[in-house]
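Chain by chain, the residues:
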Number of protein chains: 2
Amino acid sequence: MRLTKGCKKVLDVLESIHELSSAQDIHGRMRNEDDKAPGLTTVYRSLESLVSEGLVQAVDLGDGERRYELVKPGEHHHHLVCESCRQSVHLDQCLIAELEEGIRHKYGFQVKGHILEIFGICKVCTAK
Amino acid sequence: MRLTKGCKKVLDVLESIHELSSAQDIHGRMRNEDDKAPGLTTVYRSLESLVSEGLVQAVDLGDGERRYELVKPGEHHHHLVCESCRQSVHLDQCLIAELEEGIRHKYGFQVKGHILEIFGICKVCTAK
DNA sequence: ATTAAAATGAAACCCATTTCTATTGTGCTT
DNA sequence: AAGCACAATAGAAATGGGTTTCATTTTAAT
Ligand SMILES: [Mn+2]
Ligand SMILES: [Mn+2]
Ligand SMILES: [Zn+2]
Ligand SMILES: [Zn+2]
């Protein structure tokens, strides 16, 4: 599968941001610097492709607005999301992968995926 | 805080189900057995109270529809959700609680809460 | 019984996402 | 170069869960 023009623009934005961004954030940025950038529908479609390609991960923070970010191809990670400043710490390793074997043994359950996000107050905000 | 009539009806339904149910599920059930059961708004409000009382937990499976279930007061747990039959295994202990101390040490991040759900194929569905 | 506070239901509203339809762009064939 | 088939796109409209608003009904307190 090929990267369409829309996908490339979305990738550009994601490369320049490096924070979790919603589809609308991304679309807004694109439209800021170029009035005739792809429409919102195309952004959604591009994100869908990029996610299934493993170049981007979708993150669900439970607030009804999915966020996206670049990841190392095929990998994923989780976050410590600060409820005060909304910044997040991007964890370097998945805490769940190592549990999969145990879960399969104990419950006969084949793990295919998971959601994990941790909320709280970050170091900076605690200091204030 | 007192349990209103609406809350009690919602609790009744949740006691009788013992599976993750959406607000609309719950409302539907209530309306099935009683045409003039509380409206959907009241169901949402009741769930909100019950959650903040710690009697019910809200579960986010990332599909935009929150589910609810009774829990031991003040406790919470996570699930292995089967993508084939949609049933879930209710885990007996939280896998994250024990990591909190480490996270605080390593990142200076005070953990307040988290989302964790695991998806895959359950034992029964694998057998088929 | 009177009155204030809490709970309720119907409808309006919100907003991210999806669907639908018409249009445009791209590559390939002749 | 012109024609054709198909993928990609835009934009509007529909969807759908959830929340807000507000008038009305219940409940509790005096
Ligand atoms: Mn990240
Ligand atoms: Mn459960
Ligand atoms: Zn993970
Ligand atoms: Zn937990």
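The structure under discussion appears in the preceding block.
Residues numbered from 1 in each chain as written. Chains lettered and ligands numbered in written order. Predicted model: local features only at pLDDT ≥ 70, side-chain atom pairs only at ≥ 80, totals over all residues. Heavy atoms only, no water.

Caption draft 1: Geometry of the relation of the copies chain B and chain A. Overlay of chain B on chain A (RMSD 0.1 Å): rotation 180°, translation along the axis 0.0 Å. The superposition of one copy onto the other is thereby described by a two-fold rotation axis. Judged by C-alpha distance, B:Leu116 is the residue of chain B that lies nearest the rotation axis, at 2.2 Å. The overlap is high: 100% of the interface residues of chain B also sit at the interface in chain A, so the same surface is used on both sides. (Least-squares fit on C-alpha atoms with pLDDT ≥ 70 in both. Contact = heavy atoms within 4.5 Å.)

Caption draft 2: Seen up close, the packing of helix α2 (residues 23-33) of chain A against helix α3 (residues 40-53) of chain A. Residues and elements named next belong to chain A. Remark: α2 packs on α3, axes separated minimally by 9 Å, with the N-to-C direction vectors making an angle of 125°. Here α2 is positioned oblique relative to α3, judged by the angle of their axes. Like other packed secondary-structure pairs, α2 and α3 cross with a definite hand, here right-handed. In this structure, α2 uses Ala23, Gln24, Ile26, His27 and Met30 to contact α3, whose residues at the interface are Leu40, Val43, Tyr44 and Leu47. Classifying every residue of the contact of α2 with α3 by side-chain character gives seven nonpolar, two polar and no charged. (Axes fitted to C-alpha atoms, helices over the stretch in contact; angles between N-to-C directions. Helix = DSSP H or I, 4+ residues; strand = E, 2+ residues; numbered from the N terminus. Parallel < 35°, antiparallel > 145°, perpendicular 65-115°, else oblique. Left-handed = near helix turned anticlockwise from the far one by under 90°. Nonpolar A, V, L, I, M, F, W, Y, C, P; charged D, E, K, R; others polar.)

Caption draft 3: Structural context of the protein's contact with DNA strand C. Contacts to DNA strand C come from 18 residues, most closely from A:Lys5, A:Gln24, A:Tyr44, B:Gly39 and B:Thr42. The share of sugar and phosphate among atoms of DNA strand C within 4 Å of the protein is 69%. Side-chain polar atom of B:Arg45 to a base nitrogen of DNA strand C: 3.1 Å apart, as the coordinates give it. For the surface near DNA strand C, the secondary-structure elements that each account for two or more residues are α3 of chain A together with α1 (5-17) and α3 (40-53) of chain B. Looking at the surface near DNA strand C residue by residue, the classes come out as four nonpolar, eight polar and six charged. (Near = heavy atom within 4 Å. Polar contact = N/O pair within 3.5 Å; in protein donor to acceptor, adjacent residues only side chain to side chain.)

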